Amino acid sequence: MRGNLRLGAACWLTLSGTRALAQPITATIDATIRSAPVTAYEYGMFIEPIGGLVNESLWAEMLDDRKFYYPVVPQGRDPVVPDTVEGRKAPTFRKWRPIGGDDAVDMDTRDAFVGAQSPSVMLAGGTQRGFGQAGIALVAGKDYTGRIQLSGDASAKVEVALVWGPGKADRQIIALPAPTGGWTEVPLAFKPRRSSADARFEVTGTGAGCFRVGAVSLMPADNINGWRADTTAIARSLNSGFWRLPGGNFLSNWDWHQALGPRDRRVPMFDHAWSAMQTNDIGMDEWMDLTRILGVEPYVTVNAGLGDANSAAEEVEYLNGSVTTEWGARRAANGRPQPYRVRWWNIGNEPYGWWQIGKTSLDYYMMKHKDFAKAMRARDPGIVLLASGAMPDQLKPKGTKENASLESIQHKFGTEEDWTGGFFARAMGTFDGITEHWYDRGEDRPDASPQQDLIEFARSPANQVRMKAEEWKIYQQRFPAIRDKGIFLSIDEYAYMAKDGATLRSALAYSMVMQEMLRHSDFLKMAAFTSGASTMDITPTDSVMNTTGLVFKLYGEHFGKGVTPVALTGNMPQPDPQYAVGFSHPKINSGSETYPLDMIAALSPDGRSLRVGIVNATLKSQSVTFAKYPRTNGAGKVWRLAGRTLDAANKVGKKPQVAITESRVPPLADQLTVPAMSTSVYEYRLEAEPSAR
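Residues numbered from 1 in each chain as written. Predicted model: local features only at pLDDT ≥ 70, side-chain atom pairs only at ≥ 80, totals over all residues. Heavy atoms only, no water.

## Some words on the sheet that holds strand β33 (residues 678-685)
Part 1: Ordered by their spatial adjacency, nine strands build an open sheet running β31-β30-β33-β28-β27-β26-β3-β29-β32, and the pairing between neighbours is mixed. Each end of this open sheet is capped by a strand with a single partner; those strands are β31 (658-665) and β32 (671-674). Taking each pair of neighbouring strands and ignoring which way they run, the sheet shows an average axis angle of 25°.
Part 2: Looking at chain direction, strand β30 (residues 636-643) and β31 are connected through eight bridges and run antiparallel. The residue bridging Leu641 from the neighbouring strand is Ile660, located in β31.
Part 3: Together, β26 (564-570), β27 (597-603), β28 (609-616), β30, β31 and β33 form the strand contacts of helix α10 (residues 504-518), whose direction differs from that of β28 by roughly 135°.
Part 4: Sheet contacts for helix α11 (residues 547-558): β28, β30, β31 and β33; angle to β30, the most-contacted strand, approximately 165°. (Pairing = 2+ DSSP bridges. Helix = DSSP H or I, 4+ residues; strand = E, 2+ residues; numbered from the N terminus. Axes fitted to C-alpha atoms, helices over the stretch in contact; angles between N-to-C directions. Contact = heavy atoms within 4.5 Å.)

## Regarding the nonpolar core
Part 1: Counting residues in hydrophobic clusters, the biggest one holds 125 residues, and the most contacted among them are Trp243, Trp287, Trp345, Met376 and Tyr494.
Part 2: For this core, the leading source of residues is α10, giving 10 residues.
Part 3: With sequence-adjacent residues up to four places away left out, Tyr494 is seen in contact with Trp438, Tyr439, Tyr510, Val513, Met514, Met517, Ala527, Ala528, Phe529, Thr530 and Phe552. (Core = buried A, V, L, I, M, F, W, Y, C linked by side-chain atoms within 4.5 Å. Buried < 20%, exposed > 50% of the residue type's maximum accessible area, 1.4 Å probe, protein only.)

## Remarks on the environment of Arg343
Part 1: Considering the arrangement of structural elements, one finds Arg343 in the loop between α4 (326-333) and β19 (344-347).
Part 2: When neighbours within four sequence positions are excluded, Arg343 is seen to be in contact with Tyr41, Glu297, Ile383 and Val384.

## Remarks on helix α1 (residues 229-236)
An α-helical turn contains 3.6 residues, so any two residues separated by three or four positions project in the same direction.
Part 1: Listing the buried residues of α1 in full gives Thr231, Thr232, Ile234 and Ala235. All buried residues of α1 fall inside an arc of 155° around its axis, so they share one side. (Arc of directions from axis to C-beta.)

## Points about the packing of α1 against helix α2 (residues 284-294)
Part 1: As a packed pair, α1 and α2 sit with axes 8 Å apart at the nearest point and diverge in direction by 60°. Taken together, the axes of α1 and α2 are oblique relative to one another. Residue-level contacts link Thr232, Ala235 and Arg236 of α1 to Leu290, Arg292, Ile293 and Leu294 of α2.
Part 2: Partitioning the contact of α1 with α2 into residue classes produces four nonpolar, one polar and two charged. (Parallel < 35°, antiparallel > 145°, perpendicular 65-115°, else oblique. Nonpolar A, V, L, I, M, F, W, Y, C, P; charged D, E, K, R; others polar.)

## Things to note about the sheet that holds strand β5 (residues 97-99)
Within a sheet, each strand pairs with its neighbour through backbone hydrogen bonds, oriented either parallel or antiparallel.
Part 1: In space, the five strands of this open sheet follow the order β5-β8-β13-β10-β11, with antiparallel pairing throughout. Both outer strands of the open sheet, β5 and β11 (171-175), are each paired with one neighbouring strand and no more. Each strand of the sheet is rotated relative to its neighbour by a mean of 25°, with strand direction disregarded.
Part 2: Judged from the three bridges that link them, β5 and strand β8 (residues 125-138) form a sheet pairing that is antiparallel. Across the sheet, the residue bridging to Arg97 is Gly132, located in β8.

## Things to note about unusual backbone geometry
Part 1: Residues Leu245 and Pro246 are joined by a peptide bond in cis, for which omega reads 5°.
Part 2: Backbone torsion omega between Thr530 and Ser531 reads -10°, so that peptide bond is classified as cis.
Part 3: Here Ser531 is to be found in the loop between β23 (524-530) and β24 (536-538).
Part 4: The backbone of Asp65 sits at a positive phi, close to 45°, despite the residue not being glycine.
Part 5: Within the element layout of this structure, Asp65 appears in the loop between β4 (44-46) and β5.
Part 6: Even without being glycine, Arg341 reaches a positive phi, approximately 55°.
Part 7: If you trace the backbone, Arg341 turns up in the loop between α4 and β19.
Part 8: Overall, the relative accessible area of 59% leaves Arg341 in the exposed class.

Here is the structure:
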């Protein structure tokens, strides 16, 4: 059928190609049938330095290429940056440009301050010569701090300017002390009088001789150990439980040793996974600072791409070892005497993927994984290790287009396209949990009605979770040790890539993802969304929580640690999609038996309240009748995520279009009516705690 969805208390179902009038939606809640309580790690976040992602969202540094990895040359003479190993185009960074002539700057490779080269400026009397970088965003009256590493001839008169407009008064100039033959760090402080989206940072000089610059830095003065105050405050409010870091594809060609000690002295590296230079300003100490600022636990992934077991073991010792150990002593020498006591560790990132640096065969990786696990546990036997798995629906040859179904993947179990099964069969005992990653893509359904397009768009990504759950059941049957050893699943990378970005429409889809994960709390103990920064709308000077962030906030607060999911059944199974598109989505139907609604029920941590989550991804209000539910006492509350239109979004500088509201609702009777295009969490006090069975 096309465009014939009857809305309200009753809806139309398509069964075997025919049209049948369905009964009103009826749900049954049995609070005596319970899943395992939700852990503190259900709403975690994943982050990695994808090009400039971290620098443009969470890290406070305002200058690109602050250690001069690339030469300072006129526009049009920049060296060619190679594309990534996946063929993705290199990201665009702001460049340093010469001032006072195209030949004003030479790159000194004989005595560089850090890395391969440092800019050297030969002066020409009264002519200002040097270099600068444009495209910097400033806020009027805000304090900015920085530093510059300077050397050169004492006859050079060097100054640093922050320029926010065309007039002579639209700048602040700091005269630097006379250079010396050695490198000297000079602090900088600015307060612009006008805001600008295209300010310039300039280093110039007059006089005789030359001066050299080793590294420069500029940050808002309110940064927290290098992290942005505004974005980290938003991230902290999400109550994520943990953040998985520092990668990601990036990790597979990054050596953590190179990001230790004074930041200005850390050699920049080229990340071939994302075709981007990274300054190495963010090392493991900085990542640990971030988790402390956010109030979450760190979950560290070690490099099993180009990395080796000894490097991973040293990383464990650096983060967790006492000061009497070799690497614990080095941590203390870097100003961090107390161990970080990182509990959660992941060996490798997607080693099965053709896109991954260091990709290898399952046979070889089993040997590699075991070596890593042995070496890491030798340094700290108390760590929790997660293996990098991939179920058959995930793995397919490059270029293969497939909407995987449980039937279509049966032949893959136990083969090279079943890395998760490979771990269970050949490496049991070397890991405590195993990971899965998934990414789904929002696609057009041009022949669908607006109603059908919305509900099928919203249902799509949760199918990824349901497919993992169904495959997990197969593994539990084949490998009873999964239950015996308490091995758990962590979906620690996932995202739904919708064309219109973070809107109310995508928030409804993520709400269904949350609810599908909650249905499997018996074994799905951790999850990490890609990426933590994607919960916000961010500009260089401001940030707000977007609709995706609101979903995490809603569920994290009301279905978080200690909440116990209970059985919810219904009379309206989720039908097959009518407009299946693309090749990103598995053929399976997630959701509760309450179509077109998606529902979840749970008990509060103290067991004295009933919470019901309902996603209404339709264009009309929907009613659900309860055939059975625990006896409740008095009026309740509802927290509702909603907006006026599906494309409603929260953007910096604009009034929020999507919000979570709280209100009282009448006592729970036999029926609830849920507004269109909304996610609602209802809570009612119970007359007595139901007995579990």
